Amino acid sequence: MNWEAISAIGEIVGAAAVVLTLGYLAIQIRQSTKLANAEAHERAVEYWSEATAPLMNPEMAELFQNGCESYKMLNAIDRMRFDTLISNMIMSFELAMEKKKHGFATDDFVASFERYFAKLIAQAGVLEFLDANKDNFTTVFHEWLEKMDR
């Protein structure tokens, strides 16, 4: 066997090793992406659970109901509590939308938030809240609100 044949075999073996390495990396990246998506989904659900946990308290549930009906009719203390509750809920929605924007949440997952928030922003008190607090939220949320107005 001459040196040219040995060199050609070496190149073939090297090329095969590169192809196998690229295949392995592609599999690892796919698995890593799936894991990142699952963790992003899990964190968004945890954040949503934390944001809505106060509603398990009957007093807060009543406050939420009253605020949804009329934000303007809430007294100063109740308005502050309602602001915090709704803001936390909106921030969890913003989190889900940001994760989708960066490829870490599925359309279906974010659509579940969108359906909930479409119903929520239909409430007179929530619209009053949004008018009074619109500067507190991200551009992504404002773009979604504009899409809902159409």
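All values derive from a computational prediction rather than experimental measurement.

*Asks:* Help me understand the pattern of salt bridges, please; the structure alone is not making it clear to me.
*Replies:* Once their charged atoms are close, side chains differing in charge can pair, the charge on each being opposite to the other. In the structure shown here, the tally under the stated rule is six salt bridges. In this structure, Glu50 engages Arg43 in a salt bridge whose closest nitrogen and oxygen atoms are separated by 3.6 Å. Classification of Arg43 as partly exposed rests on a relative accessible area of 33%. The partner of Asp107 in a salt bridge is Lys100, and the shortest N-O contact between them spans 3.5 Å. Through salt bridges with shared partners, a single network forms among Arg43, Glu46 and Glu50.

*Asks:* What am I meant to see in the packing of helix α2 (residues 58-69) against helix α3 (residues 76-101) here?
*Replies:* The interhelical angle for the contact between α2 and α3, taken along N-to-C directions, is 90°, at an axis separation of 10 Å. Viewed along their axes, α2 and α3 adopt a mutual orientation that is roughly perpendicular. The residues of α3 that touch α2, namely those facing Glu59, Met60, Leu63, Phe64, Gly67 and Cys68, are Asp78, Arg81, Phe82, Leu85, Ile86 and Met89. When its residues are assigned to classes, the contact of α2 with α3 shows eight nonpolar, one polar and three charged.

*Asks:* Before we go on, may I ask you to explain the side chain of Ser70 in this structure?
*Replies:* In this structure, Ser70 sits in the loop between α2 and α3. Residue classification places Ser70 among the buried positions, given a relative accessible area of 17%. Polar contacts involving the side chain of Ser70 include one to the main-chain amide nitrogen of Met73, which spans 3.3 Å.

*Asks:* Honestly, the packing of aromatic side chains in this entry has me stumped. Any pointers?
*Replies:* Note on aromatic pairs: each is described by the distance of the centres and the angle between the planes. Under the counting rule described, the total for this entry stands at 16 aromatic pairs. Relative to Phe82, the ring of Tyr71 has its centre 5.9 Å away and its plane inclined at 45°; by these criteria the two rings are tilted. Of this pair, Tyr71 sits in the loop between α2 and α3 while Phe82 sits in helix α3, and the two are 11 residues apart along the sequence. Neither Tyr71 nor Phe82 differs from the other in exposure class; each is buried. For the pair Tyr71 and Phe129, a centre-to-centre distance of 5.6 Å together with 80° between the ring planes defines the contact as edge-to-face. Taken as a pair, Tyr71 in the loop between α2 and α3 and Phe129 in helix α5 (residues 124-133) lie far apart in primary sequence, 58 residues in all. Taken individually, Tyr71 and Phe129 each receive the classification buried, so the pair is uniform in this respect. Looking at Arg79, its charged tip hangs above the ring of Tyr71, at a distance of 4.8 Å from the centre.

*Asks:* Even after reading the chapter, I still don't get the confidence of the model for the chain, so can you show me in this structure?
*Replies:* The predicted coordinates ought not to be read in detail in places where the model reports low pLDDT. On average, residues of the chain score 89 in pLDDT, and 99% of them reach the 70 mark or higher. Helix α1 (residues 3-52) is the least confidently modelled element of the chain, averaging 84 in pLDDT, while α2 averages 96, the highest of any element.

*Asks:* I tried to follow the packing of α2 against α5 on my own but got confused; where do I start?
*Replies:* Two quantities define a packed helix pair, namely the angle between the helix axes and the distance between the axes. In contact at an axis separation of 4 Å, α2 and α5 are set at 75° when each is read in the N-to-C sense. Considering the angle they form, α2 stands roughly perpendicular to α5. Contacts from Gly67, Cys68 and Glu69 of α2 reach α5 at Ala124, Gly125 and Val126. Here the contact of α2 with α5 is composed, by residue class, of three nonpolar, two polar and one charged.

*Asks:* What is the right way to read the nonpolar core from this model?
*Replies:* Looking at soluble globular proteins, one finds that nonpolar side chains tend to be buried together. Of all hydrophobic cores here, the largest spans 33 residues; its most connected members are Phe64, Phe82, Met89, Phe117 and Phe141. The set of elements that each furnish at least two residues to this core consists of α1, α2, α3, α4 (107-120), α5 and α6 (139-149). With eight residues, the top contributor of residues to this core is α3. Leaving out residues up to four positions away in the same chain, Phe141 has contacts with Ile90, Phe93, Glu94, Met97 and Leu130.

Procedures and definitions
- Residues numbered from 1 in each chain as written.
- Predicted model: local features only at pLDDT ≥ 70, side-chain atom pairs only at ≥ 80, totals over all residues.
- Heavy atoms only, no water.
- Salt bridge = Lys/Arg side-chain N within 4 Å of Asp/Glu carboxyl O.
- Buried < 20%, exposed > 50% of the residue type's maximum accessible area, 1.4 Å probe, protein only.
- Axes fitted to C-alpha atoms, helices over the stretch in contact; angles between N-to-C directions.
- Helix = DSSP H or I, 4+ residues; strand = E, 2+ residues; numbered from the N terminus.
- Parallel < 35°, antiparallel > 145°, perpendicular 65-115°, else oblique.
- Contact = heavy atoms within 4.5 Å.
- Nonpolar A, V, L, I, M, F, W, Y, C, P; charged D, E, K, R; others polar.
- Polar contact = N/O pair within 3.5 Å; in protein donor to acceptor, adjacent residues only side chain to side chain.
- Phe/Tyr/Trp six-rings, centres within 6.5 Å; stacked < 30°, edge-to-face > 60°.
- Lys NZ or Arg CZ within 6 Å of the ring centre and 35° of its normal.
- pLDDT = per-residue confidence, 0-100.
- Core = buried A, V, L, I, M, F, W, Y, C linked by side-chain atoms within 4.5 Å.

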